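# A look at the structure
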Amino acid sequence: NAGVTQTPKFQVLKTGQSMTLQCAQDMNHEYMSWYRQDPGMGLRLIHYSVGAGITDQGEVPNGYNVSRSTTEDFPLRLLSAAPSQTSVYFCASSYSGIRRGSRSYNSPLHFGNGTRLTVT
Amino acid sequence: AQRVTQPEKLLSVFKGAPVELKCNYSYSGSPELFWYVQYSRQRLQLLLRHISRESIKGFTADLNKGETSFHLKKPFAQEEDSAMYYCALRSDSGAGSYQLTFGKGTKLSVIP
């Protein structure tokens, strides 16, 4: 398994440009998500999906769109890039996991290598 | 609302010294706690998960529900432990049972 694959690794955009960050996983995980990582802010959830055709907003969704047409792919679209979107973006996936006693635990998040985006 | 607090942005220790990275959380239900590690310019990797009760790379963490803490400990720091460490919480229901809420991270620097 390749795991979670993100492309591109690096991208420079000008303000107002649009682009799509790609994320694919080959582990048949039902859950996929996008986080942005900023110094001093940790990781913040942008959007997530619990299955094909289902998406929802996270903590910081403004300026981003997502879609989930297949289980494998979860692209993140920047509609009109702004300097505030300069960040490192991580895609992560997870699946329904194990039972321990009376409770089910989903698997830990598996992360991609990240996309470093600069908006000038 | 759930929250994860890592009070130290940076922690510097000498090689061979004990390490403790602090993590406190607030959540009204029954959370699941994790520690993730990120080595320089790499992806985040799972280090520990509280339900597994394992010791990974010499690190341990115990969930203390009374103090709402999940501190990460290692008795003897190694240079290769230098990295960014994130504590994360997962809630126990709905879509939240997949996603993680992260702390802001602690950068551990081990001095030779």
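Okay, so let's go over this structure.

About the cut-offs
- Residues numbered from 1 in each chain as written.
- Chains lettered and ligands numbered in written order.
- Predicted model: local features only at pLDDT ≥ 70, side-chain atom pairs only at ≥ 80, totals over all residues.
- Heavy atoms only, no water.
- Helix = DSSP H or I, 4+ residues; strand = E, 2+ residues; numbered from the N terminus.
- Rg over C-alpha atoms; globule rule 2.2 N^0.38 Å.
- Buried < 20%, exposed > 50% of the residue type's maximum accessible area, 1.4 Å probe, protein only.
- Disulfide = S-S within 2.5 Å.
- Contact = heavy atoms within 4.5 Å.
- Buried area = accessible area lost by both parts, 1.4 Å probe.
- Salt bridge = Lys/Arg side-chain N within 4 Å of Asp/Glu carboxyl O.
- Polar contact = N/O pair within 3.5 Å; in protein donor to acceptor, adjacent residues only side chain to side chain.

Further remarks concern the overall build of chain B. The number of helices and strands found in chain B is zero helices and eleven strands. For 112 residues, the compact-globule estimate of 2.2 N^0.38 gives 13 Å, and the C-alpha radius of gyration of chain B, at 14 Å, lies within 12% of that figure. Taking the principal axes of its C-alpha atoms as reference, chain B extends roughly 45 × 30 × 25 Å. Taken over 112 residues, chain B has a buried fraction of 46%.

So, about the state of the cysteines. All names here are of chain A. One pass over the full model with this rule turns up two disulfides over all chains. Across a sulfur-sulfur distance of 1.9 Å, Cys 23 and Cys 91 are joined as a disulfide pair. The chirality of the disulfide connecting Cys 23 with Cys 91 is left-handed, given an S-S dihedral of about -75 degrees. Here Cys 23 is found in strand 3 (residues 19–25), whereas its partner Cys 91 is found in strand 9 (residues 87–94), with 68 residues between them in sequence. No difference in accessibility class separates Cys 23 from Cys 91, as the two residues are buried.

Okay, the interface of chain A and chain B next. Counting from both sides, the interface comprises 28 residues of chain A and, opposite them, 26 residues of chain B. Summing both partners gives a buried area of about 2300 Å² for chain A against chain B, and 50% of it is carried by carbon and sulfur. Of all residues in chain A, Arg 103, Asn 106 and Phe 111 of chain A bury the most surface against chain B, accounting for 24% of the area lost on that side. Seen at the junction of chain A and chain B, the total is zero salt bridges. Here chain A is connected to chain B by nine residue pairs in polar contact (both at pLDDT 80 or more). Elements with a contribution of two residues or more to the side of chain A that touches chain B: strand 4 (31–38), strand 5 (42–51), strand 9, strand 10 (98–100) and strand 11 (103–105) of chain A. In terms of residue count, the dominant contributor to the side of chain A that touches chain B is strand 5 of chain A (five residues).

Keep in mind these numbers describe shape, not what the thing actually does.
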